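These are the residues of each chain, in order.
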Amino acid sequence: MSAKDAPPPLPEPLLVEVADSHTHLDMQSGTVEEALVKAAAVGVTTVVQVGCDVKGSRWAAETAAAHANVHAAVALHPNEAPRIVLGDPDGWSRQGAREGGGDAALDDALAEIDRLAALPYVRGVGETGLDFFRTGPDGIAAQERSFRAHIEIAKRHGKALVIHDREAHADVLRVLDEEGAPERTVFHCYSGDAAMAEICAAKGYYMSFAGNVTFKNAQPLRDALAVAPLELVLVETDAPFLTPAPFRGRSNAPYLIPVTVRAMAQVRGIGENELAEAIAVNTARAFDY
């Protein structure tokens with residue numbers, strides 16, 4: 001195993017326990033138990049496991065049912081909705097090639113997300129939203145229909161809404177305004193600038209920062225973090241993706257949260273314990289656990 005493939009070392013433990021507000025344990029190597037033990041060893045004692053399709057959402061719900069310190073979020077990822085409707089000839093989504101099932105297939109998938117969202121250990125509906133990076137114009141209608149349905153599901157079940165927003169800031173904010181956002185709305189892997197952070201703050205939306213806040217070219221993210229109200233700030237890994245510097249390019253996992261927390265504390269000009277305390281309270285409030 002080359003150094004590049006080796007897992008990054010365990011960081012110094014945080015003195016104040018925090019939660020990873022967004023992770024994909026089903027995409028990481030090793031068992032769930034191993035991931036949770038490693039995370040707890042550095043002060044990351046709670047994780048929100050996020051589903052991206054029907055199968056992953058079922059797995060998230062089952063995993064949360066089996067582990068007291070795992071909470072689930074269930075949804076069809078924005079890129080999943082067009083694949084269900086229009087098909088996925090490349091099999092890009094880890095499920096093999098699929099034929100399109102039209103709107104009826106999307107309705108069936110949304111009905112299963114609705115069923116899962118009612119479960120007590122499912123604390124969020126997400127990740128849902130809009131992604132104009134990977135989906136062409138033909139897929140946007142399916143994405144927006146799916147997003148609106150997820151907002152309705154989150155509100156009806158009283159769950160947090162977890163938003164995936166990639167190159168779609170104005171449209172995501174527009175749909176939230178049109179539908180009426182749930183009481184607790186989280187922008188996962190916040191990717192807007194400081195101006196958008198002011199809009200989110202005014203609306204009471206949580207902003208969850210991932211390892212990319214540490215990247216050299218991410219000054220707009222740091223500017224956003226600097227102006228976000230402390231009571232609306234969360235931290236996440238989005239593991240196995242977005243591993244924080246200096247481990248960028250290697251596989252991410254919940255145990256690397258302290259690296260991001262320390263970088264965030266520097267941006268805010270506060271101590272890591274103060275930030276960790278705020279994050280712990282905010283995540284429990286956002287996901288109602």
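Just so we're clear, the structure is a prediction, and the values are computed from it rather than from any experiment.

Attention now goes to the packing of helix α8 (residues 219–227) against helix α9 (residues 257–268). Their axes nearest at 9 Å, the elements α8 and α9 cross at an angle of 70°. Judged by the angle between their axes, α8 and α9 are roughly perpendicular. For the crossing formed where α8 meets α9, the hand is right-handed. Residue-level contacts link Arg 222, Leu 225 and Ala 226 of α8 to Met 264, Val 267 and Arg 268 of α9. A per-class count over the contact of α8 with α9 returns 4 nonpolar, no polar and 2 charged.

What follows is about the packing of helix α2 (residues 54–66) against helix α4 (residues 102–117). Packing of α2 against α4 brings their axes to within 10 Å, and their N-to-C directions diverge by 10°. The angle between α2 and α4 places the two elements in the roughly parallel class. Taken together, the residues of α4 that come into contact with α2 (itself represented by Val 54, Ser 57, Arg 58 and Ala 61) are Ala 109, Glu 112, Ile 113 and Leu 116. Residues that form the contact of α2 with α4 fall into these classes: 5 nonpolar, 1 polar and 2 charged.

Our next topic: the sheet that holds strand β2 (residues 44–50). Here 8 strands make up an open sheet; going across it, the order is β1-β2-β3-β6-β7-β8-β9-β10 and the pairing parallel. Because the sheet does not close on itself, it has two edges, and the strands there are β1 (18–23) and β10 (233–235). Direction aside, the axes of adjacent strands within the sheet are offset by 30° on average. Where β1 lies against β2, 4 bridges are found, and the strand directions are parallel. Residue pairing for β2: Val 18 is matched across the bridge by Val 44. Lying on the sheet, helix α7 (residues 194–203) is in contact with β7 (160–166), β8 (185–187) and β9 (206–209); it crosses β9 at an angle near 135°.

Once that is clear, we can look at the nonpolar core. Within the largest apolar cluster, 83 residues are counted, with the highest numbers of intra-cluster contacts made by Phe 147, Leu 176, Phe 187, Tyr 190 and Met 264. It is α4 that provides the largest number of residues to this core, a total of 6 residues. In this view, Leu 176 contacts Phe 147, Ile 151, Leu 161, Ile 163, Ala 181, Thr 185, Phe 187 and Tyr 205; residues no more than four positions away in its chain are not counted.

Another point: the environment of His 157. Assignment of secondary structure puts His 157 in helix α5 (residues 140–157). On the accessibility criterion, His 157 (24% relative accessible area) is partly exposed. Distance from His 157 to Pro 89, taken between C-alpha atoms, is 34 Å for residues 68 residues apart in sequence. Leaving out residues up to four positions away in the same chain, His 157 has contacts with Asp 114, Ala 117 and Ala 118.

Parameters and conventions
- Residues numbered from 1 in each chain as written.
- Predicted model: local features only at pLDDT ≥ 70, side-chain atom pairs only at ≥ 80, totals over all residues.
- Heavy atoms only, no water.
- Axes fitted to C-alpha atoms, helices over the stretch in contact; angles between N-to-C directions.
- Helix = DSSP H or I, 4+ residues; strand = E, 2+ residues; numbered from the N terminus.
- Parallel < 35°, antiparallel > 145°, perpendicular 65-115°, else oblique.
- Left-handed = near helix turned anticlockwise from the far one by under 90°.
- Contact = heavy atoms within 4.5 Å.
- Nonpolar A, V, L, I, M, F, W, Y, C, P; charged D, E, K, R; others polar.
- Pairing = 2+ DSSP bridges.
- Core = buried A, V, L, I, M, F, W, Y, C linked by side-chain atoms within 4.5 Å.
- Buried < 20%, exposed > 50% of the residue type's maximum accessible area, 1.4 Å probe, protein only.

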